[in-house]
Amino acid sequence: FVAAWGRNSTIESETGVAEGFNEPWDVAVAPGGAPPAAAGVYVADTWNHRIQKLDAEGDLVSAWGLFGQYGPEETAGQSAFYGPRGIAVGAGGQVYVADTGNKRVQVFEPDGRFAFQWGGGGALEGYLDEPVGIALAPESAPPGAAGVYVADTWNRRVQVFDADGTYLREWPIQGWDAGLPEEKPYLAVDARGYVYV
């Protein structure tokens, strides 16, 4: 054991930032080689509908997000979340968030500025239904493994996108149950390009 931080806490007002978390579902650390501004620990603070960025000691650096139900075509919904559950940080420092309830992926700069998004509800290629786990292939992985991997839960598949959100490929996961609200799968990709589901 090294350290622990946080407590159960909800946002007290639309502009207030309460210390702590309300069901944090995922955590990511900026990879080695990322820009210094990206250094930190990023937490998907799910039911506070926000992302928190902490330093290595657990002190708050920044936080962004608020509750909102939007699709990727609605610019008013940039940085609004409906239960974000997955988070990953790329080598360039960009932060990828699985905005689960809004059925999309949002991407941010390390300081929380909105960059771009993709997805939207549906079953066609590139669309998402209950995206949860999100993982980036490390730079040391084989070139064919490069991409952003998303657990597209209720479509019972893993989808792979390039770093800009362009659809690349997918494969089915028959065991996922679209009828279970607690079905929340996560992913990891190792240096060999193996995908753990």
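Residues numbered from 1 in each chain as written. Predicted model: local features only at pLDDT ≥ 70, side-chain atom pairs only at ≥ 80, totals over all residues. Heavy atoms only, no water.

## Describing the overall build of the chain
Then step 1. The helix and strand tally for the chain stands at 0 helices and 16 strands.
Then step 2. Taken over C-alpha atoms, the radius of gyration comes to 16 Å for the chain, in line with the 16 Å a tight globule of 197 residues would show.
Then step 3. In terms of overall dimensions, the chain has a C-alpha envelope of 40 × 35 × 35 Å along the principal axes.
Then step 4. Partitioning the intrachain contacts of the chain with sequence separation of at least 6 by distance along the chain shows that 44% fall at a separation of at least 24.
Then step 5. Here the chain has roughly 9500 Å² of accessible surface; of this, 53% comes from carbon and sulfur atoms. (Helix = DSSP H or I, 4+ residues; strand = E, 2+ residues; numbered from the N terminus. Rg over C-alpha atoms; globule rule 2.2 N^0.38 Å. Contact = heavy atoms within 4.5 Å. Areas by Shrake-Rupley, 256 points an atom, 1.4 Å probe, with all protein chains shown as cover.)

## Here's the deal with the sheet that holds strand β9 (residues 104-108)
Then step 1. Taken in spatial order, the 4 strands make up an open sheet running β7-β8-β9-β10, and their pairing is antiparallel. Since the sheet does not close on itself, it has two edges, and those belong to β7 (84-89) and β10 (114-119), each with one partner. Averaged over all adjacent pairs, the angle separating strand axes in this sheet is 20 degrees, with direction ignored.
Then step 2. Where β9 meets β10, 5 bridges bridge the pair, whose relative direction is antiparallel. Opposite valine 105, over in β10, you have tryptophan 118 as the bridge partner. (Pairing = 2+ DSSP bridges. Axes fitted to C-alpha atoms, helices over the stretch in contact; angles between N-to-C directions.)

## Details of the nonpolar core
Then step 1. Of all hydrophobic cores here, the largest spans 14 residues; its most connected members are Tyr42, Ile51, Trp64, Ile87, Val95 and Val97.
Then step 2. Secondary structure elements with two or more residues in this core: β2 (41-45), β7 and β8 (95-99).
Then step 3. Those residues in contact with tyrosine 42 that lie beyond four places of it in its chain are Asp26, Val27, Ala28, Ala37, Gln52, Lys53, Trp64, Ile87, Val89, Val95 and Pro110.
Then step 4. Of all hydrophobic cores here, the second largest spans 13 residues; its members include Ala98, Val105, Trp118 and Phe161. (Core = buried A, V, L, I, M, F, W, Y, C linked by side-chain atoms within 4.5 Å. Buried < 20%, exposed > 50% of the residue type's maximum accessible area, 1.4 Å probe, protein only.)

## Observations concerning the sheet that holds strand β13 (residues 157-161)
Then step 1. Across the sheet, which stays open at both edges, the 4 strands sit in the order β11-β12-β13-β14 with antiparallel pairing between neighbours. Looking at strand neighbours, the two that pair on one side only are β11 (131-136) and β14 (167-172), the edges of this open sheet. Strand-to-strand twist of the sheet, defined as the mean angle between neighbouring strand axes without regard to direction, takes the value 20 degrees.
Then step 2. With 4 bridges joining them, β11 and strand β12 (residues 148-152) adopt antiparallel strand pairing. Counterpart to proline 131 in the pairing with β12 is aspartate 152.

## So, the side chain of serine 79
Then step 1. Structurally, serine 79 can be placed in the loop between β5 (66-67) and β6 (80-81).
Then step 2. When its relative accessible area of 18% is taken as the criterion, serine 79 is described as buried.
Then step 3. Among residues more than four places away in sequence, those in contact with serine 79 are Gly65, Leu66, Gln106, Phe108 and Phe114.

## Points about the environment of arginine 169
Then step 1. Within the secondary structure, arginine 169 sits in strand β14.
Then step 2. In sequence terms arginine 169 and valine 41 are 128 residues apart; their C-alpha atoms lie 30 Å from each other.
Then step 3. Look past the residues within four positions of arginine 169 in its chain and what remains in contact with it is Gly144, Ala145, Ala146, Tyr149, Val158, Gln159 and Val160.

## As for the pattern of salt bridges
Then step 1. One pass over the full model with this rule turns up 9 salt bridges.
Then step 2. Across the pair glutamate 130 and arginine 85 runs a salt bridge, and its minimum N-O distance is 3.7 Å. Taken together, the residues glutamate 130 in the loop between β10 and β11 and arginine 85 in strand β7 connect sequence positions 45 residues apart. Across the pair, exposure class does not vary: glutamate 130 and arginine 85 are buried alike.
Then step 3. Of the charged contacts, one joins arginine 157 and glutamate 170 as a salt bridge, the two residues approaching to 3.4 Å between their closest N and O atoms. Of the two residues, arginine 157 sits in strand β13 while glutamate 170 sits in strand β14, which places them 13 residues apart along the sequence.
Then step 4. Overall, arginine 157 belongs to the buried group, its relative accessible area being 5%.
Then step 5. Each of Arg85, Glu130 and Lys184 takes part in salt bridges that share partners, so that together they form one network. (Salt bridge = Lys/Arg side-chain N within 4 Å of Asp/Glu carboxyl O.)

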